[in-house]
Amino acid sequence: EKEAPKYVIGFSQCTGDDAWRRDMLRGMQRELAFHPEVDFLYRDAKGNSGKQVEQIKELLTSNINLLIVSPNEAEPITPVVEQAYQNGIPVVVVDRKTASSFYTAYVGGNNYEVGKTAGQYIGAYLHGKGKVVEITGLPTSSPSIERHKGFLDAIRNYPNIQVIRVIAGDWEKKIAKQKLTALFDSIKQADLVFAQNEVMALGTYEVWRERGISPRTKIVGIDGLAGPLGDIQMVHDGLIDATVLYPTGGEEAIRTAVQILEKKPFTKENILNTAVIDPTNVRMIKMQTDKILNQQEDIERQQKHNEEQLRVYNNQRILLYTISGL
Ligand code: FRU
């Protein structure tokens, strides 16, 4: 018989519908496979902060032992997360933050650093001169605010670089494309578009392509996702000029959560590394990430196989007990 689970982890995801979030969840599931004692409850708020608050409340009444949360927007999600923390439920915040210091651990990139890295790269890439458009994420989400700040701090060192427009793309390709299209006449002279994530960088590429403008404006993104549809491939194929790595941290989040639950020492601030991916290193990075993806698929296949073997074994054991009357 399967032992009763020892722990229940609830994960409240702000939105689940993009490749970056799917990568995070896959990482969590791979790590969870090493912890059969953990039950995992997953809720996707689909980009709606009100819904996320409700889902967190529902998770808290489901007797979770620990909450993992990636807050859609900082302010609206803060009270319910603070309440959980103050009621003794450990909270692991991933990627996006609340507006409070009441949490047990954070796992994710340093978004100020990520924005600054992008800004430094852009400054050098434009030889210190040119017009730039920035497309931010959801302006009320923490990575958007921090990336913007880091970007501006870096760009300030280049007095001849002008940020001619800041557009809120809300992390969504569709919204970024609509706004770029509506504003196109006022931004078409931009030398470079800095898009704060992968999907908005792709959206930018598509807007220029749909208008048949060649060469397109230069494009720098953020995320650095592997795989055939990721922005590493986009840099490799020349759809965009560069991207800044922002790891999803799914495995690290589960590892930290388990350490907390097992009352082992853990790190409060788990800051994941960043790096620029551009044509000078993209072939090497693509080779490595392709290999990692293959290995991950092998692990997932192996895990499925093990589960199946365990099921067969248990059935046979039950059968044996029934026959032998043990
Ligand atoms: C995915 C995403 C990423 C971005 C992150 C910021 O939902 O938009 O592309 O880096 O969220 O929280």
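Each value, and the rule that gives it
- Residues numbered from 1 in each chain as written.
- Predicted model: local features only at pLDDT ≥ 70, side-chain atom pairs only at ≥ 80, totals over all residues.
- Heavy atoms only, no water.
- Helix = DSSP H or I, 4+ residues; strand = E, 2+ residues; numbered from the N terminus.
- Buried < 20%, exposed > 50% of the residue type's maximum accessible area, 1.4 Å probe, protein only.
- Contact = heavy atoms within 4.5 Å.
- Areas by Shrake-Rupley, 256 points an atom, 1.4 Å probe, with all protein chains shown as cover.
- Lys, Arg positive; Asp, Glu negative; His and termini not counted.
- Charge placed at Lys NZ, Arg CZ, Asp CG, Glu CD.
- Core = buried A, V, L, I, M, F, W, Y, C linked by side-chain atoms within 4.5 Å.
- Pairing = 2+ DSSP bridges.
- Near = heavy atom within 4 Å.
- Polar contact = N/O pair within 3.5 Å; in protein donor to acceptor, adjacent residues only side chain to side chain.
- Nonpolar A, V, L, I, M, F, W, Y, C, P; charged D, E, K, R; others polar.

J.: How would you sum up the overall build of the chain? Please name residues and give values.
T.: Counting its regular elements, the chain contains eleven helices and twelve strands. Expressed along its principal axes, the backbone C-alpha trace of the chain runs to roughly 85 × 40 × 35 Å. Counting the 326 residues in the chain, one finds 48% classified as buried. Summarising the internal contacts of the chain: among those between residues at least 6 apart in sequence, 72% fall at separations of at least 24. When the accessible surface of the chain is split by element, carbon and sulfur atoms take 52% of a total near 16,300 Å². Considering the chain, the positive charge centre built from 39 side chains and the negative charge centre built from 41 side chains are found 3 Å apart.

J.: Which residues make up the nonpolar core, and what values do they have?
T.: In this structure, L67, I68, I122 and F194 are the most contacted members of the largest nonpolar core, which totals 55 residues. In terms of residue count, the dominant contributor to this core is helix α10 (residues 250-261) (six residues). When near neighbours in sequence (up to four residues on either side) are disregarded, F194 contacts A118, I122, V132, V133, E134, I135, F151, V220 and I222.

J.: I'd love a proper account of the pairing of strand β3 (residues 66-70), names of residues and values included.
T.: Counting buried positions along β3 yields five of five residues, so the element is predominantly enclosed. Residue alternation in β3 divides its side chains into two sets, L66, I68 and S70 and L67 and V69, and both sets are buried. The pairing of strand β1 (residues 7-13) with β3 spans five bridges and is parallel. The residue of β3 that forms the bridge with F11 is I68.

J.: Describe the site of the ligand, with residues and values.
T.: Close contacts around the ligand come from T15, D18, W20, R21, D95, R96, P143, R147, W171, N197, D223 and Y246, and that covers them all. A distance of 2.7 Å separates an oxygen atom of the ligand from a polar atom in the side chain of D18. A distance of 3.1 Å separates an oxygen atom of the ligand from a polar side-chain atom of R147. Relative to its free-state accessible area of 310 Å², the ligand is covered by the protein chains to the extent of 97%. Class assignment for the residues of the shell around the ligand results in four nonpolar, two polar and six charged.

J.: Describe the sheet that holds strand β10 (residues 242-245), listing the residues and the values that go with them.
T.: A sheet is described by the order of its strands in space; here six strands give the open sequence β7-β6-β8-β9-β10-β12, paired in mixed fashion. Looking along the sheet, the strands with just one partner apiece sit at the ends: β7 (161-168) and β12 (276-277).

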